[in-house]
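Listed below are the residues making up each chain.
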Amino acid sequence: MSNDAATAEAAGTTEAAPAPEPIPHGLGASLPPADARAKTEGTFPYAADLWAEGLLWAAVLRSPHAHARIVSIDTSHAREMPGVRAVVTHEDVPGTPLHGRGSRADRPVFASEVVRHHGEPIAAVAADHPDTARMAAAAVIVEYEVLEPVTDPERAFEAEPLHPDGNLVRHIPLRHGDPEAAGEVVVEGLYRIGRQDPAPIGAEAGLAVPRPDGGVELYLASTDPHGDRDTAAACYGLSPEQVKVVVTGVPGATADREDQGFQLPLGLLALKTGCPVKLTATREESFLGHVHRHPTLLRYRHHADAEGRVVKVEAQILLDAGAYADTSSDALAAAVAFACGPYVVPNAFIEGWAVRTNNPPSGHVRGEGAMQVCAAYEAQMDKIAKKLGLDPAEVRLRNVLATGDVLPTGQTVTCPAPVAELLQAVRDFPLPALPKDTPEDEWLLPGGPEGAGEPGAVRRGVGYGIGMVHMLGAEGADEVSTATVKVQDGVATVLCAAVETGQGFTTLARQIVQETLGVDEVHVVPVDTDQPPAGPGCRGRHTWVSGGAVERAAKMVRTQLLQPLAHQFGMSTELLQIADGKITSYDGVLSTTVAEALEGKELWATAQCRPHPTEPLDESGQGDAFVGMSFCAIRAVVDVDIEIGSVRVVELAVAQDVGRVLNPAQLTARIEAGVTQGVGIALTENLRTPRGLIRHPDLTGYALPTALDAPDIRIVKLVEERDVVAPFGAKAVSAVPVVASPAAVASAVRAATGRPVNRLPVRPQAAVVTGN
């Protein structure tokens with residue numbers, strides 16, 4: 001016992017114990033995720049952990065060629081192997097192939113006559129051991145007539161059709177303003193954006209279980225269970241009611257989480273064998289199977305006046321869709337609509353195409369379309385500044401968009417658009433200290449400790465990137481979500497088919513109910529397709545649409561709770577409030593606890609949220625295509641070794657328009673994650689596909705940024721100007737940092753080297769300065 005404590009005890013007093021920390025509660029609090037403990041203890045139920053009695057194992061045979069004609073498929077050797085229970089090919093698919101999530105129905109379950117990309121599924125096997133399944137898949141003999149692949153998207157316009165629907169997925173010609181307009185200054189650029197993989201860290205896995213009614217249950221880490229169910233039902237020739245998708249624990253998702261190239265064979269094998277069938281994809285299979293970010297070729301010409309104000313933008317944008325259309329139409333719409341960036345451009349003429357090739361399929365990856373054009377239009381703004389001898393930030397400030405301005409699509413920006421405020425915040429934030437030119441500071445060298453290079457060859461650069469993305473679906477997509485809130489015995493339950501993909505929806509749902517009903521204990525029911533649909537988990541949908549549905553249902557329950565009390569005291573429910581677990585009236589006459597008011601009651605309500613409708617872009621690229629938009633400004637500081645071309649990102653200062661902060665800790669984590677993902681796009685992530693073949697389909701050949709690559713990220717400002725049409729006024733926060741950070745890093749490398757830097761990721765040779 002300490003002397004102080006002994007003295008206090010002798011005096012008959014004791015030191016008061018510190019008050020316990022209050023538990024975070026309601027909107028605006030940093031409520032921890034409900035699954036955090038399970039994930040840290042290793043008890044979280046991932047799909048790869050699933051098991052069932054009588055389980056069989058599946059393996060998928062994939063094409064080794066990017067383009068080939070299938071002459072014959074011989075499965076006899078595989079079928080005769082001991083332990084093999086079934087082998088399926090295109091002949092065993094009873095329904096019409098469909099690729100869901102609003103995309104075009106152009107992808108088969110298995111290739112039948114023609115292979116269109118490396119890794120396309122040819123056959124699938126079910127066996128009593130995973131090794132047996134893999135060996136049996138390898139024993140399927142396929143005779144190919146190898147064809148010359150079309151891998152250059154520019155060649156796709158004149159090449160022979162690679163698909164019955166042709167090579168052109170979509171063409172959008174945007175026309176806005178006066179085509180004869182011209183500026184005193186003209187800058188041009190040709191830009192290339194590489195192919196990035198979403199690289200989900202958790203294994204892609206699934207389990208299919210046949211049902212007594214002839215249907216099947218699929219246990220998947222799905223991000224869109226109802227879309228996956230409808231796709232599977234169409235392929236299996238079943239009604240949607242005969243297929244159930246149960247969402248298992250999703251280990252994070254920045255794109256379509258699972259490859260349907262193994263989801264769909266799983267169900268076929270389960271139906272054929274009458275047994276549960278499981279498949280866990282290898283990392284190589286993941287790279288071969290799921291979609292990637294669209295590689296993009298962009299040609300730009302900007303006209304500006306002598307003050308640096310943009311007069312006209314002309315651009316050509318070519319997206320490589322890969323072998324199938326998937327979501328390329330949506331990505332192209334975003335690319336064309338945001339081709340001029342968050343700037344006022346009175347005259348814009350944009351040509352956008354998405355084409356099929358024999359490259360791996362492209363699809364939904366966070367910030368698709370918007371990220372590619374951001375890298376290009378920000379490079380153009382740097383060129384304007386350099387040509388006029390102006391500060392790059394000042395040129396941007398003279399052009400930034402604001403609420404009430406008009407996009408090149410003709411849509412008026414009605415949501416908050418504090419772009420100038422965001423840019424000023426990062427511009428004025430103090431720059432990091434310069435590194436010391438001493439050997440002790442090896443970590444300050446771009447090459448890291450013991451890396452190549454000399455401090456004398458290091459140049460520092462500062463650059464900017466301003467990004468914008470749209471929220472929810474676009475061009476007439478029917479965005480809707482349904483939620484049920486139930487309260488019994490003082491415990492609230494939320495039922496909503498919005499999948500928790502790491503974006504924090506389940507935490508948000510708990511906060512909404514806590515805020516609205518004053519109930520501490522809130523549980524969110526696991527997702528399956530027996531629940532009403534909530535749509536895919538992308539573009540901030542679930543914060544807006546599903547969160548809005550939960551809020552409406554909770555408010556309906558609140559009315560049910562308060563009505564008897566209001567009637568008893570002769571007042572309306574609007575005169576009662578719930579706060580800190582208590583119900584009080586405006587005049588203080590009524591005061592009771594929520595627990596007392598709920599005692600013996602079971603209350604529930606179901607509600608939907610459907611944002612205002614949008615419309616498709618017309619033949620001139622005009623239309624109110626988007627529900628809402630969010631914006632982000634980033635200032636990047638980099639150190640470049642101009643002799644060897646290595647780049648170190650020193651700091652990224654971020655200012656973002658968030659509408660309203662619903663969970664500070666969660667929001668910060670999402671922004672930091674998005675910025676770090678953008679650093680990978682800028683410097684390391686490039687899935688190389690020579691002649692359409694994925695080279696090094698593993699995490700050794702595909703360089704993801706690690707903790708050692710992550711720079712200091714300074715969130716210098718969060719603008720909370722609420723969007724009045726969005727529930728809670730909040731905006732999506734994850735995608736727009738991914739869009740802006742690669743452009744900012746490239747801009748900083750340009751500033752450090754004086755080189756054009758017209759390709760992402762930035763290659764070392766692009767950062768080398770000769771003659772120094």
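All values derive from a computational prediction rather than experimental measurement.

Engineer: Please give an account of the overall build of the chain that cites residues and values.
Structural biologist: Assigned secondary structure in the chain consists of 16 helices and 27 strands. Summarising its shape, the C-alpha atoms of the chain cover approximately 85 × 75 × 65 Å along the three principal directions. The burial tally for the chain puts 58% of its 772 residues in the buried class. Taking contacts inside the chain between residues at least 6 apart in sequence as the whole, the part at least 24 apart equals 80%. Put simply, the chain shows about 30,500 Å² of open surface, and 51% of that area lies on carbon and sulfur atoms.

Engineer: Can you break down the packing of aromatic side chains residue by residue, with the values?
Structural biologist: Where two aromatic rings form a pair, the distance of their centres and the angle of their planes describe that pair. Tallied over the entire structure, the rule returns 6 aromatic pairs. Look at F157 and W353: their rings are 5.8 Å apart centre to centre, the planes differ by 85°, and that puts the pair in the edge-to-face class. Taken together, the residues F157 in the loop between strand 6 (141–146) and strand 7 (168–176) and W353 in strand 15 (residues 347–356) connect sequence positions 196 residues apart. Its relative accessible area of 41% is what places F157 among the partly exposed residues. Its relative accessible area of 18% is what places W353 among the buried residues. Taking the centre distance of 6.1 Å and the plane angle of 85° together, the rings of Y343 and Y377 count as edge-to-face. Placement of Y343 in the loop between helix 8 (328–337) and strand 15 and of Y377 in helix 9 (residues 370–388) is noted, with a sequence separation of 34 residues between them. Classification of Y343 by relative accessible area gives buried; the value is 2%.

Engineer: Describe helix 16 (residues 735–753), listing the residues and the values that go with them.
Structural biologist: The end-to-end C-alpha distance of helix 16 is 29 Å, a good match for the 27 Å that 19 residues give at a rise of 1.5 Å each. The element helix 16 is extensively covered by neighbouring structure, given that 18 of its 19 residues are classed as buried.

Engineer: How would you summarise the sheet that holds strand 2 (residues 68–74) if you had to cite specific residues and measurements?
Structural biologist: What links the strands of a sheet is backbone hydrogen bonding, and the strands pair in either a parallel or an antiparallel sense. If you walk across this open sheet you meet the 3 strands as 4-2-6, and the pairing is antiparallel. Of all strands in the sheet, those with a lone pairing partner are strand 4 (114–115) and strand 6, marking the two edges. When strand 2 meets strand 4, the two strands line up antiparallel, connected through 2 bridges. From the neighbouring strand, A68 faces strand 4, where its bridge partner is V115.

Engineer: Tell me about the side chain of H117, and name the residues and values.
Structural biologist: The residue H117 is located in the loop between strand 4 and strand 5 (121–127) in this model. Classification of H117 as buried rests on a relative accessible area of 3%.

Engineer: Help me get a handle on the sheet that holds strand 5, residues and values and all.
Structural biologist: Strands sit in the order 3-5-1-12-9-10-11 across an open sheet of 7 strands; the sheet is mixed. A strand with exactly one partner marks an edge of an open sheet, and here the two such strands are strand 3 (84–88) and strand 11 (243–247). Within this sheet the neighbouring strands show an average axis-to-axis angle of 20°, counted without direction. Here strand 9 (residues 205–210) runs beside strand 12 (residues 277–280); their pairing, made up of 4 bridges, is antiparallel. Paired with A208 across the strands is V277, a residue of strand 12. Running at roughly 145° to strand 11, helix 5 (residues 225–236) makes contact with strand 10 (216–220) and strand 11 of the sheet. The sheet strands contacting helix 6 (residues 260–273) are strand 1 (56–62), strand 3, strand 5, strand 9, strand 10 and strand 12, and the helix crosses strand 9 at an angle near 25°.

What counts and what doesn't
- Residues numbered from 1 in each chain as written.
- Predicted model: local features only at pLDDT ≥ 70, side-chain atom pairs only at ≥ 80, totals over all residues.
- Heavy atoms only, no water.
- Helix = DSSP H or I, 4+ residues; strand = E, 2+ residues; numbered from the N terminus.
- Buried < 20%, exposed > 50% of the residue type's maximum accessible area, 1.4 Å probe, protein only.
- Contact = heavy atoms within 4.5 Å.
- Areas by Shrake-Rupley, 256 points an atom, 1.4 Å probe, with all protein chains shown as cover.
- Phe/Tyr/Trp six-rings, centres within 6.5 Å; stacked < 30°, edge-to-face > 60°.
- Expected span 1.5 Å × (residues − 1).
- Pairing = 2+ DSSP bridges.
- Axes fitted to C-alpha atoms, helices over the stretch in contact; angles between N-to-C directions.

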